[in-house]
Amino acid sequence: MPRSAFYFKLQLFITFLTFILSQSSCGSCPINVWPKPRTFSWPNPQANPLSPSFQIISPSHFYLSKAISHYLNLINTEHHLPLVRPSVNFSSSSPPLRALHITVYDLVTPLQHGINETYTLTIPSSGGTASLAAHTAWGAIWGLETFSQLVWGSPSRVAAGVYLLDKPLFPHRGLVLDTSRNYYAVEDIKRTIMAMGANKMNVFHWHITDSHSFPLVIPSEPELSSKGSYGSEMVYTPDDVKEIVEFGLSHGVRVVPEIDSPGHTGSWAEAYPEIVTCANMFWWPAGSDSLDKLAAEPGTGHLNPLNPKTYEVLKNVIADVVKLFPEPFYHGGADEIIPGCWKADPAIQSFLSNGGTLSQALETFVNSTFPFIVSLNRTVVYWEDVFLDDLIKVNSSCLPPEHTILQTWNNGPNNTKKLVDAGYRVIVSSAEFYYLDCGHGDFVGNNSREEEAKLVLGGEVALWSEQADPTVLDSRLWPRSSAMAEALWSGNKDEKGVKRYAEATDRLNEWRYRMVRRGIAAEPIQPLWCVRNPGMCNTVHPI
Amino acid sequence: MPTSPFHFKLQLFITILTFILYQSSCSSCPINVWPKPRSFSWPNPQANPLSPSFQIISPSHFYLSKAISHYLNLINTEHHAPLVRPSVNFSSSSPLLQALHITVYDLVTPLQHGVNETYTLTIPSSGGTASLAAQTAWGAIWGLETFSQLVWGSPSRVAAGVFMLDKPLFPHRGLVLDTSRNYYGVEDIKRTIMAMGANKMNVFHWHITDSHSFPLVIPSEPELSAKGSYGSEMVYTPDDVKEIVEFGLSHGVRVVPEIDSPGHTGSWAEAYPEIVTCANMFWWPAGSDSDRLAAEPGTGHLNPLNPKTYEVLKNVIADVVKLFPEPFYHGGADEIIPGCWKADPTIQSFLSNGGTLSQALETFVNSTFPFIVSLNRTVVYWEDVFLDDLIKVNSSCLPPEHTILQTWNNGPNNTKKLVDAGYRVIVSSAEFYYLDCGHGSFVGNNSQYNQPPGSDPGYGGSWCGPFKTWQTIYNYDITYGLSEEEAKLVLGGEVALWSEQADPTVLDSRLWPRSSAMAEALVVRKQG
């Protein structure tokens, strides 16, 4: 066993020990970390000055080094002023904390699903050097975020006598942003990723294209964006994508691309009208009932599964997207296939009159694309519709579970259960949580067997952009996404299994103000008065 | 008859004539004005270049001149690029529009409730000079806003061959902002007032104080804000108020102050604990089913039986009246919670001697209402003072000629009740006009969220959920169910942003464009 591994395990052991010894010592800490760490021991809340020459010492790692620059700058400049003065013993003549020493056991594993995100952080009460130990660089980045939240004041001070061991409950903690209905600039996306990292959320699921605009520049198919975007100033070039992907890696956030197809592809018709059925038609003609809609919402168009040209274009797109995004997950969409749109096409009409079905048409589509995506070493994520839709769906034999993950958005826990029962790994974005409501974390359900629960990779909040754009981005996302972030990281219950929403309000309030000062325009959740008068805004009554 | 009124009437006549002739010619105009003018005739959509030396010529008027500077700057620098290219005949060699000539018939009437806001705007197709005529300077300011919306592009062009006559349906088109639960900077308030003016909304109802903080510096009672505000950087000084009031006048917006009392006064207790009952107590003690101390966290009511209350409050009222020239004074008087008054020993003995809480409120009203009226103010109260189930006063305490009631519960039903009692009414029905709803509950430790998936009825825990969409606001008919005679007592409406869950980070997106929906509904939508 190499020395570093031993050191790491020793650290773990010591931390665990101190945790057991002092578990109850910090029921309400004077300084809190969001999302709440799994174990956070601070038996005698005290703080030491942060040395003006504070430094972070770490092994060499491209993205960890970038993260260190970011956090060193944040730590030196933030000077966070807690809304409630922390009751912490502090003397400016105490021994300063001079350095944070980072140990990483495995410097090789790239950022991907399921990596070990565990870290331990020890800040001695005697000043000197704090220790952050993690299995991977990505766990170390979370440790840096935690450390940064333990620094406050001007001049800066840092919590001391702290021991913590932290790791997430769920490996997949994501956020969907739709950049097709309305456009977001690269800076908006980077600010969102930075906020995600601050909340230890690790998957930016980028719903890049849809019927409304095609903003992604595909080098082998440049017409798609030049004709299908909202304008030449509202596109993402390969350089933009690289910038976003690299920025994500420096903040511990994977960037998973979604090219939604065969539905939600109206914008493709600007460049290739021949491969898109029902394009540019009115979405719900007068006199027709809802079964004859051409689209789930205004903006029609589905890729034609029976036209070979469709696959020529789509495979070029897939190949380029795979080149642009190193991430091993590829999201293929496949939601909301609307019968009326495919039925509007003559070729599909004759296919149907010869005994074919729309589900067979979808099967053709999946069989013509899924193996290609898998051949490029990608796990394919689809929305649940491809398998659970009432009318148009494919057989599970087309979607081998080892290469397929399904993302649920309807019927809450019921659909999660259906997908898990069929053996699929699941990402949860249930419709009840569509609007970024609180309370995530219940979706595993009480009667799921443990092995089934293991198939639930995690969750994603979703911001669809029909009624959102950069002016409201931050306030739509934050701090509500922070609620999911904590539920998926350390759960929404305390050590005794009791829901901890009671004490979460005050902590989330403080975290919201801190995010605002970090440049994220998160919405307020309470009057300032509530923060200044802790507990006074609670209720002891069922409402 | 002097020339100017004649000119104005002639103008009106011509405009009405052309309106009748071309009424249907512009059902979807290439360039639109929000709120939609009452009559907007543009038979042959064309545009002319705006002269680089474009000027606005007007009679001398302090606030109109300020408005002109604002709009001249906007017109010269905005260069609005419409999202859809307007299909308008335009040639850069067409004759330029050189000037806008403003005529105002009455330069004296100050900005106040019920002023004539009518204006006519004529932009000839031949370039040269456009004409804006209005009865008052305040109508002329609306005309300037309309004109500015008809200018676009770079270099600037302006709609030409346009004739319009415009005036609002309702005289009171307002917005309530609560600056007590969370604080807003002076710049946030000014930006809000500017946006109100752009939507021809004319009343900024400033809910300045509440239980959570007392941000208004009262010169004769400086301790109230020194101790009751969120901090010395979160107050409004007399200079700040003057700046806001003057800014409002330059944008056609009245600033109506609300000092909510006797409820919603917990913050007063920081300076004067002796005049506030139940201050700083937990709002809803365990074990008490109905005896809450406040409608929400943040307790405290002024004590109506303590003479010291009126000493302080009258100082406040007198200073507020000095700070705000506006003839309306909003006294609040909503949500008197029995438990809070009952917590006070003096009131307890008053009650055990046969007194009632409604009598206590009557004492309060009778000790303050005449004083406010004596300062030449019309008093606005929330409906509760007259309609509350438990604690209310008789209408004899509130003579309709000096009283306006603002409704916020039960939609059209309460409007009808108030009108039936003879009161003028401002409509802020929570089901339609509350902009803060639909963002959950702000109360902590709230067990209603601890439910299995599927239990939420759709309100997300917000007492007035769901979110009020712009469509909900636009389609609310505030005189629903009233006769024509009764409808005359409805002065207008106010959307409201209560700030438990709002502050400057979300101000603009909470207010706009949903307030614009009310703005247009109160200006143009047909009644009934």
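Residues numbered from 1 in each chain as written. Chains lettered and ligands numbered in written order. Predicted model: local features only at pLDDT ≥ 70, side-chain atom pairs only at ≥ 80, totals over all residues. Heavy atoms only, no water.

A. Quick peek at the overall build of chain A. Scanning chain A for helices and strands turns up 17 helices and 19 strands. Computed over C-alpha atoms, the radius of gyration of chain A comes to 25 Å, within 12% of the 24 Å expected from 2.2 N^0.38 for 543 residues, which places it in the range of a compact globule. Seen through its C-alpha atoms, chain A measures out along the principal axes to roughly 85 × 55 × 45 Å. Counting only residues that meet the buried cut, chain A has 59% of its 543 residues in that class. When contacts within chain A are restricted to residue pairs at least 6 apart in sequence, long-range pairs at least 24 apart make up 77% of them. Carbon together with sulfur atoms contributes 55% to the accessible area of chain A, which is approximately 20500 Å² in total. Considering chain A, the positive charge centre built from 41 side chains and the negative charge centre built from 53 side chains are found 11 Å apart. (Helix = DSSP H or I, 4+ residues; strand = E, 2+ residues; numbered from the N terminus. Rg over C-alpha atoms; globule rule 2.2 N^0.38 Å. Buried < 20%, exposed > 50% of the residue type's maximum accessible area, 1.4 Å probe, protein only. Contact = heavy atoms within 4.5 Å. Areas by Shrake-Rupley, 256 points an atom, 1.4 Å probe, with all protein chains shown as cover. Lys, Arg positive; Asp, Glu negative; His and termini not counted. Charge placed at Lys NZ, Arg CZ, Asp CG, Glu CD.)

B. Region of the structure containing the overall build of chain B. If you tally the helices and strands in chain B, you get 17 helices and 19 strands. Seen along its three principal axes, the alpha-carbon backbone of chain B occupies a region of about 85 × 60 × 50 Å. By residue count, 59% of the 528 residues in chain B fall in the buried class. Here the analysis covers contacts within chain B between residues at least 6 apart in sequence; of these, 77% occur between residues at least 24 apart.

C. Geometry of the interface of chain A and chain B. Counting residues at the interface gives 32 residues for chain A, matched by 37 residues for chain B. For the pair chain A and chain B, the summed buried area comes to about 3000 Å², and 58% of that belongs to carbon and sulfur atoms. Our count for the chain A to chain B interface comes out at two salt bridges. In this structure, the salt-bridge partner of Arg-512 of chain A is Asp-503 of chain B, at a minimum N-O distance of 2.9 Å. Inspection of the region where chain A meets chain B yields 14 residue pairs in polar contact (both at pLDDT 80 or more). Residue assignment for the side of chain A that touches chain B shows that the elements contributing at least two residues are α16 (501-517) and α17 (528-532) of chain A. Here the element with the most residues in the side of chain A that touches chain B is α16 of chain A; it accounts for six residues. Considered class by class, the residues forming the side of chain A that touches chain B number 19 nonpolar, seven polar and six charged. (Buried area = accessible area lost by both parts, 1.4 Å probe. Salt bridge = Lys/Arg side-chain N within 4 Å of Asp/Glu carboxyl O. Polar contact = N/O pair within 3.5 Å; in protein donor to acceptor, adjacent residues only side chain to side chain. Nonpolar A, V, L, I, M, F, W, Y, C, P; charged D, E, K, R; others polar.)

D. Main features of the layout of surface pockets. All names here are of chain B. Within this model, the second largest pocket holds a volume of roughly 1200 Å³. Lining the second largest pocket are 48 residues, with Arg-292, Ala-295, Glu-335, Trp-408 and Trp-463 sitting closest to its centre. Of all the elements in the fold, those that place two or more residues in the lining of the second largest pocket are α8 (338-342), α11 (384-387) and α12 (411-420). Taken together, the residues of the lining of the second largest pocket sort by class into 19 nonpolar, 14 polar and 15 charged. (1 Å grid on protein atoms, 1.4 Å probe; cavity = no way out; pocket = protein on both sides within 12 Å on 5 of 7 lines; lining within 4 Å. Points joined across faces, edges and corners; volume = space filled by probe spheres on them.)

E. Focus on the sheet that holds strand β12 (residues 254-261) of chain B. All names here are of chain B. Read around the barrel, eight strands follow the order β10-β11-β12-β15-β16-β17-β18-β19 and close on themselves; strand pairing throughout is parallel. On average, each strand axis in the sheet is tilted by 30 degrees relative to the strand beside it, whichever way the strands run. In the packing of helix α10 (residues 357-374) onto the sheet, the strands contacted are β12, β15 (328-332), β16 (378-382) and β17 (403-407), and the crossing angle to β16 comes to about 140 degrees. (Pairing = 2+ DSSP bridges. Axes fitted to C-alpha atoms, helices over the stretch in contact; angles between N-to-C directions.)

F. Molecular detail of the state of the cysteines. Residues and elements named next belong to chain B. What the rule picks out here adds up to four disulfides over all chains. Covalent S-S linkage joins Cys-278 and Cys-340, the inter-sulfur distance amounting to 2.2 Å. Torsion about the S-S bond of the Cys-278 and Cys-340 cystine: about -95 degrees, corresponding to left-handed handedness. In this pair, Cys-278 sits in the loop between β13 (276-277) and β14 (301-302) while Cys-340 sits in helix α8, placing the two residues 62 residues apart along the sequence. The disulfide bridge from Cys-437 ends at Cys-464, spanning 2.0 Å between sulfur atoms. Judged by the sign of its S-S torsion, about -105 degrees, the cystine formed by Cys-437 and Cys-464 is left-handed. Placement of Cys-437 in the loop between α13 (430-433) and α14 (470-474) and of Cys-464 in the loop between α13 and α14 is noted, with a sequence separation of 27 residues between them. Here the two residues Cys-437 and Cys-464 agree in accessibility, since each one is buried. (Disulfide = S-S within 2.5 Å.)

G. Focus on the pairing of strand β9 (residues 162-166) of chain A. Residue and element names in this part refer to chain A. In terms of burial, β9 is largely enclosed, as four of its five residues are buried. Relative to β9, strand β1 (residues 39-41) runs antiparallel, the two sharing three bridges. Paired with Phe-40 across the strands is Leu-164, a residue of β9. Pairing of strand β5 (residues 119-123) with β9, which is carried by five bridges, proceeds in the antiparallel orientation. Bridge assignment links Ile-123 to a residue of β9, and that residue is Val-162.

H. A look at the environment of Leu-313 of chain B. Residues and elements named next belong to chain B. Summarising the element assignment, Leu-313 is placed in helix α7 (residues 307-323). Between the C-alpha atom of Leu-313 and that of Val-88, which follows or precedes it by 225 residues, the distance is 59 Å. Sequence-distant contacts of Leu-313, that is, excluding residues within four places in its chain, are made with Ser-261, Trp-268, Leu-302, Phe-364 and Thr-368.

I. Representation of helix α2 (residues 62-77) of chain A in the model. Residue and element names in this part refer to chain A. Taking 1.5 Å of rise per residue, 16 residues should cover 22 Å, and α2 covers 23 Å from first to last C-alpha, within 8% of that figure. Here α2 has its buried residues at Tyr-63, Leu-64, Ala-67, Ile-68, Tyr-71, Leu-74 and Ile-75. Along the axis of α2, the buried residues cluster in a sector spanning 135 degrees; they form a single face. Residues of α2 that are buried in the fold lie against β2 (46-57), β4 (97-106), α3 (137-149), β7 (151-152) and α6 (238-250). (Expected span 1.5 Å × (residues − 1). Arc of directions from axis to C-beta.)

J. Structural detail: the side chain of Ser-225 of chain A. All names here are of chain A. Turning to its location among the elements, Ser-225 is positioned in helix α5 (residues 223-228). Since its relative accessible area comes to 4%, Ser-225 is described here as buried. With residues near it in sequence (within four places) discarded, Ser-225 still touches Phe-214, Pro-215, Leu-216, Val-217 and Val-235.

K. Looking closely at helix α9 (residues 346-353) of chain A. One side-chain oxygen at the N-terminal end of α9 of chain A lies 3.1 Å from the backbone nitrogen of Ala-347 of chain A; it belongs to Asp-345 of chain A. Following α9 of chain A by one or two positions, Gly-355 of chain A adopts a phi angle in the positive range, close to 95 degrees.

L. The arrangement of the confidence of the model for chain B in detail. Residues and elements named next belong to chain B. Of all residues in chain B, 93% attain a pLDDT of 70 or more, and the chain-wide mean is 93. Residue range residues 21-25 is modelled with pLDDT below 50. Its contacts to residues more than four positions away, or to other chains, number six contacts. Per the prediction output, this complex has pTM 0.90; the corresponding ipTM is 0.86. (pLDDT = per-residue confidence, 0-100.)

M. The confidence of the model for chain A, seen in detail. When pLDDT is averaged across chain A, the result is 90; 90% of the residues are at 70 or more. Across residues 15-25 of chain A, where pLDDT falls below 50, the model places 14 contacts with residues more than four positions away in sequence or in other chains.

N. Inspection of the pattern of salt bridges at higher detail. Residues and elements named next belong to chain B. One pass over the structure, following the stated rule, counts 39 salt bridges over all chains. Its salt-bridge partner being Asp-319, residue Lys-322 comes within 3.5 Å of it at the nearest N-O pair. In this pair, Lys-322 and Asp-319 are both assigned in helix α7, three residues apart and thus about one turn of the helix distant. Classification of Lys-322 by relative accessible area gives exposed; the value is 66%. You can call Asp-319 buried: its relative accessible area is 7%.

O. Here's a closer look at the packing of α7 of chain B against α10 of chain B. Residues and elements named next belong to chain B. Running from amino to carboxyl end, α7 crosses α10 at an angle of 30 degrees, the nearest separation of the two axes being 11 Å. In terms of orientation, α7 lies roughly parallel with respect to α10. In this structure, α7 meets α10 at a crossing whose hand is right-handed. For the pair α7 and α10, the contacting residues are Tyr-310, Leu-313, Lys-314, Ile-317 and Ala-318 in the first and Thr-363, Phe-364, Ser-367, Thr-368, Phe-371 and Ile-372 in the second. Broken down by class, the residue content of the contact of α7 with α10 amounts to seven nonpolar, three polar and one charged. (Parallel < 35°, antiparallel > 145°, perpendicular 65-115°, else oblique. Left-handed = near helix turned anticlockwise from the far one by under 90°.)

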